[in-house]
Amino acid sequence: MTVTPRLGGPAAWANWIVGTLFVVLLFDFQTGYAIVNSDLARDTGLGLGDVVALGAIYTWVFAVSQLFSGALLDRAGARIMLPLAIGCFALGAALFAMADSFAMLAWAQAVVAIGSSFGFVGAGFLGGRWFGFARFGLMFAMVQAIAAIGSTLGQAGLQAALAHVDWRGMSWWAAGAGAALTLVALAVVRDPQPQARSSGGVAGFVTGVLHDILSVCRIPQVWFGVIAGAVLFGLLLALGVLWTPKILAAHGLSGTEAGYATSVLWLGLAVGAPLTARWSDAVHSRRLPMLLMTVLLVLGMAALLFLPLTALSAGVVCFVIGLATGGHMLSFVTAAELVEPRLIGTSAAIANGAKFIAAGLLMALPNRWLASTEPSLADYQLAFWPYFALLVVAALMAWGMQETWRDAE
């Protein structure tokens, strides 16, 4: 039976914590791929192109699933959808642990991606529904911050754990944690308000989901923030999941040094997400913080590719890059402020889906210009020029964003 306790009370925090724990779990599994992909390739006989393709498969399946996850949450509620999603993630992690070929790994990535597509949006959905619209942006930024801290600690822990447990063992751990969290979600997760029932049975439900998606997509101003945010987050994910350890290795850093520096990206994001949300409210602007964070990201990328880096300076540069990408959270806020309150989940899913489409493109893009199996720093400098071009596009989109802050009052 659906309960109706007060918003912001103990039940609200319990629901939000479960949703956030799922995000931490899937972020650790996702970003851990940056560390284990070399061992995975060695054990399964995969090449660099296969490793890149597996990362892209996850992001593309996630992006497609994401288009529907928010609308399903809006229509069916978190009580039904979140335990199903966490269970799907656990199944995919188990398949990943058992995989011994590219095809099996690809299927595992797809199953993990379908479950994970409900994670970040689900936590944001729970925050908006259980804490009220006025706190939507802050609660969503807190989810991002905690997930990023979890990724920082998770990558550092994974570096240490790999001395004792291989990537299969770590995947089994993720599957077990997912199964346990599924049981917790079944016991804890509820919806504060009864979900509206669609008339017309299954056909009416599907029609309603598609109508909600189209309703959000038809608002032109939504896309300014979505595109800007997609470039910022997509670049972060491409760097954090795949490319930063390889670039730092080309600088001459050891694998351990590169791994720890890469983990600092997520620490920067943990600071940047809530900082940007607070900053945006303080200056009564969504556009200015997004634009300035994009400029900061350009500077951070230039430092990563063109400055001589030591282990310490690499960590500083990675922190700045992560901090700047925290500006992507404003795309969720502006999208939510441009739609009806009942479409918060759908708007967040469309924004997040666009970010993972961008991540899939950005993850694979440099490989087109990297002919060598052991690229030099000069090779990376040449291959990453499209990133700078896309950051210019993001800056233009941020400049054209509609100010929606007054609507959030």
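Let me begin by describing the structure that accompanies this report. (Residues numbered from 1 in each chain as written. Predicted model: local features only at pLDDT ≥ 70, side-chain atom pairs only at ≥ 80, totals over all residues. Heavy atoms only, no water.)

## Quick look at the overall build of the chain
Point 1. Of the regular secondary structure elements, the chain holds 16 helices and 0 strands.
Point 2. Taken over C-alpha atoms, the radius of gyration comes to 20 Å for the chain, in line with the 22 Å a tight globule of 409 residues would show.
Point 3. In the chain, the proportion of contacts linking residues at least 24 apart, taken out of those at least 6 apart, comes to 86%.
Point 4. Surface summary for the chain: the accessible area is close to 15,600 Å², and the carbon and sulfur share equals 70%. (Helix = DSSP H or I, 4+ residues; strand = E, 2+ residues; numbered from the N terminus. Rg over C-alpha atoms; globule rule 2.2 N^0.38 Å. Contact = heavy atoms within 4.5 Å. Areas by Shrake-Rupley, 256 points an atom, 1.4 Å probe, with all protein chains shown as cover.)

## Digging into helix H10 (residues 255–282)
Point 1. Over its 28 residues, H10 runs 41 Å from end to end, which matches the ideal 40 Å to within 8%, given 1.5 Å per residue.
Point 2. His284 sits one or two positions beyond H10 and adopts a positive phi of about 55 degrees. (Expected span 1.5 Å × (residues − 1).)

## Here's the deal with the packing of aromatic side chains
Point 1. Using the criterion set out here, one finds 16 aromatic pairs in the structure.
Point 2. An angle of 75 degrees between the planes, with centres 5.6 Å apart, marks the rings of Phe29 and Phe96 as edge-to-face. Of this pair, Phe29 sits in helix H1 (residues 10–44) while Phe96 sits in helix H3 (residues 78–98), and the two are 67 residues apart along the sequence. Like Phe29, the residue Phe96 is buried in the burial classification.
Point 3. With 4.7 Å between their ring centres and 65 degrees between their planes, Phe384 and Tyr387 make a pair best called edge-to-face.
Point 4. For Tyr387, a relative accessible area of 1% puts it in the buried group.
Point 5. Every member of this aromatic cluster is reached through a ring pair, and the members are Phe27, Phe120, Phe140, Trp266 and Phe332.
Point 6. Here Arg287 stacks its cationic end above the ring of Trp399, 5.0 Å away from the centre of that ring.
Point 7. Positioned above the aromatic ring of Phe332 is the side chain of Lys355, whose terminal nitrogen or guanidinium carbon lies 3.5 Å from the ring centre. (Phe/Tyr/Trp six-rings, centres within 6.5 Å; stacked < 30°, edge-to-face > 60°. Buried < 20%, exposed > 50% of the residue type's maximum accessible area, 1.4 Å probe, protein only. Lys NZ or Arg CZ within 6 Å of the ring centre and 35° of its normal.)

## Quick notes on the side chain of Gln66
Point 1. Take Gln66: it is sitting in helix H2 (residues 48–76).
Point 2. Owing to a relative accessible area of 0%, Gln66 belongs among the buried residues under this scheme.
Point 3. There is a polar contact of 2.6 Å between the side chain of Gln66 and the side chain of Asn352.
Point 4. Once residues lying within four places of it in the same chain are set aside, the contact partners of Gln66 are Ser117, Val121, Ala349, Asn352 and Gly353. (Polar contact = N/O pair within 3.5 Å; in protein donor to acceptor, adjacent residues only side chain to side chain.)

## Focus on the environment of Ser376
Point 1. On the secondary structure map, Ser376 appears in the loop between helix H14 (344–364) and helix H15 (377–383).
Point 2. In this structure Ser376 comes out as partly exposed when scored by relative accessible area, which is 34%.
Point 3. Separated by 127 residues in sequence, Ser376 and Ala249 have C-alpha atoms that sit 9.1 Å apart.

## A look at the pattern of salt bridges
Point 1. Under the counting rule described, the total for this entry stands at 6 salt bridges.
Point 2. Salt-bridge contacts for Asp212 lead to Arg75; the nearest nitrogen and oxygen are separated by 2.9 Å. One end of the pair, Asp212, is in helix H8 (residues 201–217); the other, Arg75, is in helix H2, and 137 residues separate them in sequence.
Point 3. Judged by its relative accessible area of 1%, Asp212 falls in the buried class.
Point 4. In this structure, Arg286 and Glu337 form a salt bridge, with 2.6 Å as the shortest nitrogen-oxygen distance. Of this pair, Arg286 sits in the loop between H10 and helix H11 (287–306) while Glu337 sits in helix H13 (residues 329–338), and the two are 51 residues apart along the sequence. (Salt bridge = Lys/Arg side-chain N within 4 Å of Asp/Glu carboxyl O.)

## Let's talk about the layout of surface pockets
Point 1. The computed volume of the largest pocket comes to approximately 540 Å³.
Point 2. Along the wall of the largest pocket there are 23 residues; nearest its centre are Asn37, Ser38, Pro245, Lys246 and Ala249.
Point 3. With 6 residues, the single largest contributor to the lining of the largest pocket is helix H9 (residues 220–250).
Point 4. Considering only residue class, the lining of the largest pocket consists of 14 nonpolar, 7 polar and 2 charged. (1 Å grid on protein atoms, 1.4 Å probe; cavity = no way out; pocket = protein on both sides within 12 Å on 5 of 7 lines; lining within 4 Å. Points joined across faces, edges and corners; volume = space filled by probe spheres on them. Nonpolar A, V, L, I, M, F, W, Y, C, P; charged D, E, K, R; others polar.)

## So, the environment of Val271
Point 1. Among the secondary structure elements, Val271 is positioned in helix H10.
Point 2. Val271 has contacts with Phe319 and Leu323, leaving out every residue within four places of it along the chain.

## Structural notes on the packing of H9 against H14
Helix packing for two helices is described by the angle between their axes and how far apart those axes are.
Point 1. Closest axis-to-axis distance for the H9/H14 pair is 7 Å, and the angle between their directions is 45 degrees. Compared by their axis directions, H9 and H14 come out oblique. Between H9 and H14 the crossing geometry is right-handed.
Point 2. Of the residues assigned to the contact of H9 with H14, the class counts are 19 nonpolar, 2 polar and 1 charged. (Axes fitted to C-alpha atoms, helices over the stretch in contact; angles between N-to-C directions. Parallel < 35°, antiparallel > 145°, perpendicular 65-115°, else oblique. Left-handed = near helix turned anticlockwise from the far one by under 90°.)

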